[in-house]
Amino acid sequence: MMASSYNAKDEDGHISVSGPGGGALRSKKPENTAFKQQRLPAWQPILTAGTVLPAFFIIGLIFIPIGIGLYVTSNNIKEFEIDYTGVDMSSPCFNCSQNFSWNSTRPCTCTIPFYLEQSYENNVFMYYGLSNFYQNHRRYVKSRDDSQLNGDVNSLQLPSKECEPYAYHDNKPIAPCGAIANSMFNDTLELFYHPNGTKVPVPLTATGIAWWADKHVKFRNPGENQNLTAVFQGTSKPVNWRRPVYELDSDPLNNGFINEDFIVWMRTAALPTFRKLYRIINKKDNMVPTLQRGNYTLEVVYNFPVRSFEGRKRMILSTISWMGGKNPFLGIAYITVGSVCFFLGIVLLLIHHKYGNRNNSADISN
Amino acid sequence: MLRRIRQQLGFDPPHQSETRTVYVANRFPQNGHYIPPRFTDNRIISSKYTIWNFVPKNLFEQFRRIANFYFLIIFLVQLMIDTPTSPVTSGLPLFFVITVTAIKQGYEDWLRHKADNEVNGAPVFVVRSGSLVQTRSKNIRVGDIVRVAKDETFPADLVLLSSDRADGTCHITTASLDGETNLKTHFSVAETAVCQSVSRLEALQAVVECQQPEADLYRFVGRMTMTQHDEEIVRPLGPENLLLRGARLKNTKEIFGVAVYTGMESKMALNYKCKSQKRSAVEKSMNTFLIIYLGILLFEAILSTILKYAWQAEDKWDEPFYNQKTEQERNSSPILKFISDFLAFMVLYNFIIPISLYVTVEMQKFLGSFFIGWDLDLYHEESDQKAQVNTSDLNEELGQVEYVFTDKTGTLTENEMQFRECSVNGTKYREVNGKLVPEGMTEDSPDGSLPHMIGDELLFLKAVSLCHTVQISYDQPDCLVSGDGDPFSHANGFSSNHMEYFASSPDEKALVEATKRIGVAFTGSNGETMEIKTFGKSEKYKLLHVLEFDANRRRMSVILQDPSGGKMLFTKGAESAILPFTTTGEIEKTRLHVDEFALKGLRTLVVACRHFSPEEYMDVDRRLNSARTALQQREEKLQEAFSYIERNLHLLGATGVEDKLQDKVQETIEALRLAGIKVWVLTGDKHETAVSVSLSCGHFHRTMNILELLQQRSDNECAEQLRRLSRRIKEDHVIQHGLVVDGASLSLALREHEKLFMEVCKNCSAVLCCRMAPLQKAKVVRLFKTSPEKPITLAIGDGANDVSMIQEAHVGIGIMGKEGRQAVRNSDYAIARFKFLAKLLLVHGHFYYIRITTLVQYFFYKNVCFITPQFLYQFFCLFSQQTLYDSVYLTLYNICFTSLPILVYSLFEQLVHPHVLQNKPGLYRDISKNSLLSFRTFLYWTLLGFCHAFVFFFGSYILMGEDTTLMGNGQILRANRQLMFGNWTFGTLVFTVMVITVTLKLALETHFWTWMNHFVTWGSIAFYFIFSLFYGGIIWPFLHTQDMYFVFVQLLSSGSAWFAIIIIVITCLFPDVVKKVFYRHLQPTSTQKSQVLE
């Protein structure tokens, strides 16, 4: 590739030795530098039992305690999960799931009682979980218009092509457009505590559930500080929605595109089975647990159909620790790797003792 | 005649006719309808591109490469159909690769342009319109009369018209064409020889008709038609009239010639046939691997497509309520959809074929090859020559050599014949400081060699200085008296120091030079007389007959008439060719001395003489003349006459000429042998000389059993001998065997009994082929190259006769010797001395091989790691071709995040210190047979890649749980506590883990950590983090989606993400460390052992 087959310069067969009077010719002698002579100073580690042994023991000694810590932390997390899909005849939501229709004006509600066996200290996080819902389908993932969601007025009127077939409805642009927005989870979940037969609503906070950056930078309502109803004039609500986007919440800081339920939904999940944060139950004072042991009911306004794709809907209550939610695997992984390291360290120690000395004196057979 | 008319009328294109007609000085016939034929101009073009066609032509060339074409297709597919990644993801790397290659090729072509311009712009003198005009070489046209002065090279193929000599002859050397350094005499046609001035040339009316250009240097057929006084004279032209471009005028003040072949049609240019592209073994395995990966890619794409359709069979998966298709998607034809789905998967997985592999390999080779030129150990102080790399494509092949075919003269030896000793009349003499010192006497014995020079000694010296075919060139141009003066006159006035001898045999030259030093100087010959100066006194000998050298007699003689009128014969030749015919003189002692000389590795010649009485001479003269004029069986008759004459000789003595072995040849050959390389010496030399040099340079050992396959005359005989030899090898297998073959026997052996011959050769540890023709050398190399084992061959030589072998072998190495630049120019690497071969192979070859193999394997590994998670992700997203990583990451993975560490590694890695490599040639065996690219290692790297990819993907999958566990650190940062991960966060987690693991995996492989390795390794990881923070920190106005906004920050703000990254990286690398440690302790390779010893 490099050399030409013909080099005209050599043509005359001269060996260009610096001849007489060629004193001006510089010697071709290569420079004696460490770089050119490939003598750069270098660290030359050799992976022998001797050198990796300490590393193995150190990894073992560090990882096992970390693993135990992670495992214990994870186990201390309390988690309660309830499936309210209504697949079973016996399930309270069976009727709602059977009689689902997009056009029905009267919401279907169902109430699921449950019993918490432990009291939940600290803040409790309330999730909804969906299964078999492919938020990561390519057609679905790309079906959004980020500049529309960022408050761009042009995109509000001319949604991106990617939003098809959820870009226009009745010749009016849909806001927010796209499949993701259109399929937003719209069940309403409410929690009631039943101490001694009474019914006390559990206060749920709907803010602080989305990424800070999403809420404040990535998502913005069009037309700063204007009346949302006016701004969204001339757009259509997504087909599956019951309310337009500017009526999602009464709080103006949680309405329109910056509604946190909406933002959470817009962050597409990686896997078909996922949870999304729904509400936070804040701890009120230090004396009383956030959720006490006892009877509760979950009241569901059943709007979101999942039966058609064999999906499931769940409600999850969970506390969190410094490392997040419940997941024993991280701890287990650390304990396993740490132990294996430690064990192999011992094996290597034996090898080192047996072969180490012999190896050093071995000569190379030619 | 008819053809000529048609040609003139333009019916026949000129190239179809067998001859071309050249009008000297372009004086075309005046008859009106003559159309001057178009000939190419005298421009030599070795460059490939011009400024205008560089871009299209280079692009075309580059896309002819299958890999680039593949990526172009992928790019076009991305442009045409809806694919998961934007065209930028493959377009940008492709653009990068193409640009880098184009810059490199453009630079190389610029160098070629420069060289071309230098040659084409060289000043030449042309006779135009009656005067001598200086112009540039490229302006010479066919038919121009060109003037060339002494020591200049001919700018085109010229037919000699006249020289400054009266007889119209000139001397040239063709060293740069065929490597022959002796002077050759070329002639002009008698009628033109008189045109020694421009004005007379003006008057010349001549037409040259000659054949169309052809490559054969020694063939030229033509005729010259001159019109003088309205009368046409036709003279034949042959190769002796043609001066070839590239040859050099010697010994002649100036000549005039008419250009007949110019530019790319000159014989020299025609001889540069396109060098066949040599491809290294590594490159071949690389292509095999690529095909395997293409197979994997196709498999994955087909599997995904099938599975996609299996899932899509049900509507609830294909089109659930939340994810409807557009009208267009619903209506497109299923077959088209199927194809476009398949293509989309291809695009999604196409990164498994590492796009930057080729460009990195090329850069590595290009940059890496500088180290050869920079190496001080390969620099030859005396000649100020450093090693030269003509092609960097074969660097790693230097580490794979199994057979070395080496030339002898000039390669193993200095090609500097030096007279050392002689034996006169039974006494041995050494030459010390220009004096002959008898054996046993010291140098400072009483001065005055003159008194010693009596009788036999003087006769011996005269014999040596007269019995040869040496020619003389005088350095001073004005000492040549032009015209008809006494050719010897100059010698009387000038000190003979200005003389330079030229001889076809370096031995003769050395002998004549030696006698000159001692005091008997040969000062000239003109074909009839020879003149010598004996201690200042000039003597003229009349040259009566020359009995030329031939290979059968292995001697040559001259018959002279001495100044006193006596006629005598001097003969000189191999001892076996002369001693049997000697009758007087110290035969036995001389024989002993000759043997002693030969043992010292000297090339020996025996000198004898015979005095003729007038009657005897009459007889001799008559016999010779009748033999020479015989029309039938002239050869036999001459032989008969020669053997009749060359007998009853009086032995004068013997000479010992040393062709000094180069420095450290023995050590080098020994080192190569220890490295498992078989060394073959191929030489044109005589069998005895070859064997003695072979012995002295350690190629043959004294303990070796030397087998001979010599002078076989028939097929059967040859086969019989081969069988005998192979039997002998089987019988005594303890002893090492060496084989001597001569050219004639070799061609017999190769014609019919290749297999048998190969078998014998393979069992011999050293083979010596003597009396080899250049093409035979190449044939031997080809024979080995194509044998079933397909060993890697290396040919090394210095002369033009080695060119064919250098081009044939996998690696061709030229020695920058005395025999011109032909070998160097046609070689892949050029070095100044044979001893440098050891370092070139053992150290550089080893390094390059290790570097490039790791580079190749690592590239495949890192792309498997890269793309397999993407494949696995399809199982979780309904095979919808959703990418796992963001487009920018897809694009930059190969060109930014993981490109530099491997490049730096592949430039600087040293598994073992160079000194150790050189001192322990056995380490070379560790890498022989392309062992680091064996299928096993390939499988190891590929499986490792798949395993790592599984760990990356499923590790992240499990540790992430259902989107909730790897969340913001709730206790510390209350603001973003428990926020969910989306698909992009998941992909970024996998990608982060991957970049770190892949970089650290290379760190594990690195043994030689210079500051640059540290810089790029840690720098790459740091760059990834910094880039990601930057990329995710801004809402990019020109980007279509803002998928990655804040994703990376969010990921890193989660404590458990860090824990996950650490554990996954360690899980991936840890088994590898264990494997390395175990292998090192249980089955250490010798390379690893010597690492410990450092």
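Please read these numbers as outputs of a predicted model, since none were measured by experiment.

**Some words on the overall build of chain A**
Now for step 1: Looking only at helices and strands, one finds 10 helices and 10 strands in chain A.
Now for step 2: Counting over 366 residues, chain A shows a buried share of 51%.
Now for step 3: Taking the contacts inside chain A whose residues are at least 6 apart along the sequence as the reference set, 79% of them involve residues at least 24 apart.
Now for step 4: Summing over all exposed atoms, chain A offers an accessible surface of approximately 17,100 Å²; the carbon and sulfur share of this is 54%.

**Topic: the interface of chain B and chain A**
Now for step 1: Counting residues at the interface gives 141 residues for chain B, matched by 121 residues for chain A.
Now for step 2: Between chain B and chain A the total buried area reaches about 12,000 Å² when both faces are included, carbon and sulfur atoms providing 62% of it.
Now for step 3: It is Phe-321, Tyr-322 and His-1081 of chain B that lose the most area in chain B upon contact with chain A, and together they represent 7% of the buried surface on that side.
Now for step 4: Inspection of the chain B/chain A interface yields three salt bridges.
Now for step 5: Two residues, Arg-138 of chain A and Asp-82 of chain B, come together in a salt bridge whose shortest N-O distance is 3.6 Å.
Now for step 6: The leading source of residues in the side of chain B that touches chain A is helix H39 (residues 1055-1082) of chain B, at 16 residues.

**A few points about the nonpolar core**
Now for step 1: Of all hydrophobic cores here, the largest spans 122 residues; its most connected members are Phe-866, Tyr-885, Tyr-889, Phe-991 and Met-994 of chain B.
Now for step 2: The element best represented in this core is helix H31 (residues 836-874) of chain B, accounting for 16 residues.
Now for step 3: For Phe-991 of chain B, the contacting residues outside a window of four places in its chain are Phe-866, Tyr-885, Tyr-889, Tyr-893, Phe-897 and Tyr-1024 of chain B.
Now for step 4: Ranked by size, the runner-up nonpolar core spans 71 residues in total, among them Met-184, Ile-280 and Leu-291 of chain A together with Phe-321 of chain B.

**Some points on the state of the cysteines**
Residue and element names in this part refer to chain A.
Now for step 1: Taken as a whole and judged by the stated rule, the model has three disulfides over all chains.
Now for step 2: A disulfide bridge connects Cys-93 with Cys-110, and the sulfur atoms are separated by 2.0 Å. Because the torsion about its S-S bond is 85°, the bridge between Cys-93 and Cys-110 counts as right-handed. One end of the pair, Cys-93, is in the loop between strand S1 (79-83) and helix H2 (94-98); the other, Cys-110, is in strand S2 (residues 108-116), and 17 residues separate them in sequence. When sorted by exposure, Cys-93 lands in the same class as Cys-110, which is buried.
Now for step 3: At a sulfur-sulfur separation of 1.7 Å, the disulfide partner of Cys-96 is Cys-108. A torsion of -90° about the S-S bond marks the disulfide between Cys-96 and Cys-108 as left-handed.

**Some details on the sheet that holds strand S30 (residues 705-709) of chain B**
Residue and element names in this part refer to chain B.
Now for step 1: Spatially, S14-S35-S34-S33-S15-S29-S32-S31-S30 is the arrangement adopted by the nine strands of the open sheet, whose pairing is mixed. In the strand order of this sheet, the two ends are held by strand S14 (388-389) and S30, each with one partner.
Now for step 2: In the packing of helix H26 (residues 743-752) onto the sheet, the strands contacted are S30, strand S31 (737-742) and strand S32 (766-770), and the crossing angle to S31 comes to about 95°.

**Focus on helix H22 (residues 634-645) of chain B**
Three or four residues apart is the spacing at which side chains of an α-helix point the same way, because the helix has 3.6 residues per turn.
Now for step 1: Between its terminal C-alpha atoms H22 of chain B stretches 16 Å, which fits the 16 Å expected from 12 residues at 1.5 Å a residue.
Now for step 2: Taken together, the buried residues of H22 of chain B touch strand S23 (537-547), strand S24 (555-561), strand S25 (567-573), strand S27 (603-612) and helix H21 (614-629) of chain B.

**Focus: unusual backbone geometry**
Working note: non-glycine residues mostly have negative phi, and peptide bonds are mostly trans.
All names here are of chain A.
Now for step 1: Looking along the chain, the bond that leaves Glu-164 and enters Pro-165 is cis, with omega of 0°.
Now for step 2: Following the sequence through the fold, Pro-165 ends up in the loop between helix H5 (153-157) and strand S4 (168-169).
Now for step 3: The step from Ala-175 to Pro-176 runs through a cis peptide bond, and the omega angle for that step is -10°.
Now for step 4: Relative to the elements of secondary structure, Pro-176 occurs in the loop between strand S5 (172-173) and helix H6 (179-182).
Now for step 5: Of note, the phi angle at Asn-171 is positive, near 65°, even though the residue is not glycine.
Now for step 6: Along the polypeptide, Asn-171 turns up in the loop between S4 and S5.
Now for step 7: Not every positive phi belongs to a glycine, and Asn-196 is a case in point at roughly 55°.
Now for step 8: For Asn-196, the position within the fold is in the loop between strand S6 (188-194) and strand S7 (200-201).

**Observations regarding the pattern of salt bridges**
Now for step 1: Tallied over the full model, the rule gives 58 salt bridges over all chains.
Now for step 2: Residue Glu-362 of chain B pairs with Lys-104 of chain B through a salt bridge whose shortest N-O separation is 3.7 Å. Placement of Glu-362 of chain B in helix H13 (residues 356-368) and of Lys-104 of chain B in helix H4 (residues 87-120) is noted, with a sequence separation of 258 residues between them. Each member of the pair, Glu-362 of chain B together with Lys-104 of chain B, is buried.
Now for step 3: Across the pair Glu-508 of chain B and Lys-572 of chain B runs a salt bridge, and its minimum N-O distance is 3.1 Å. Here Lys-572 of chain B lies in strand S25 and Glu-508 of chain B lies in helix H18 (residues 506-518), a separation of 64 residues in the sequence. Like Lys-572 of chain B, Glu-508 of chain B is buried.
Now for step 4: Each of the salt bridges in this network shares a partner with another, and the network as a whole consists of Glu-79, Glu-81, Arg-275 and Arg-314 of chain A.

What counts and what doesn't
- Residues numbered from 1 in each chain as written.
- Chains lettered and ligands numbered in written order.
- Predicted model: local features only at pLDDT ≥ 70, side-chain atom pairs only at ≥ 80, totals over all residues.
- Heavy atoms only, no water.
- Helix = DSSP H or I, 4+ residues; strand = E, 2+ residues; numbered from the N terminus.
- Buried < 20%, exposed > 50% of the residue type's maximum accessible area, 1.4 Å probe, protein only.
- Contact = heavy atoms within 4.5 Å.
- Areas by Shrake-Rupley, 256 points an atom, 1.4 Å probe, with all protein chains shown as cover.
- Buried area = accessible area lost by both parts, 1.4 Å probe.
- Salt bridge = Lys/Arg side-chain N within 4 Å of Asp/Glu carboxyl O.
- Core = buried A, V, L, I, M, F, W, Y, C linked by side-chain atoms within 4.5 Å.
- Disulfide = S-S within 2.5 Å.
- Pairing = 2+ DSSP bridges.
- Axes fitted to C-alpha atoms, helices over the stretch in contact; angles between N-to-C directions.
- Expected span 1.5 Å × (residues − 1).

So yeah, pure geometry; function would need other evidence.
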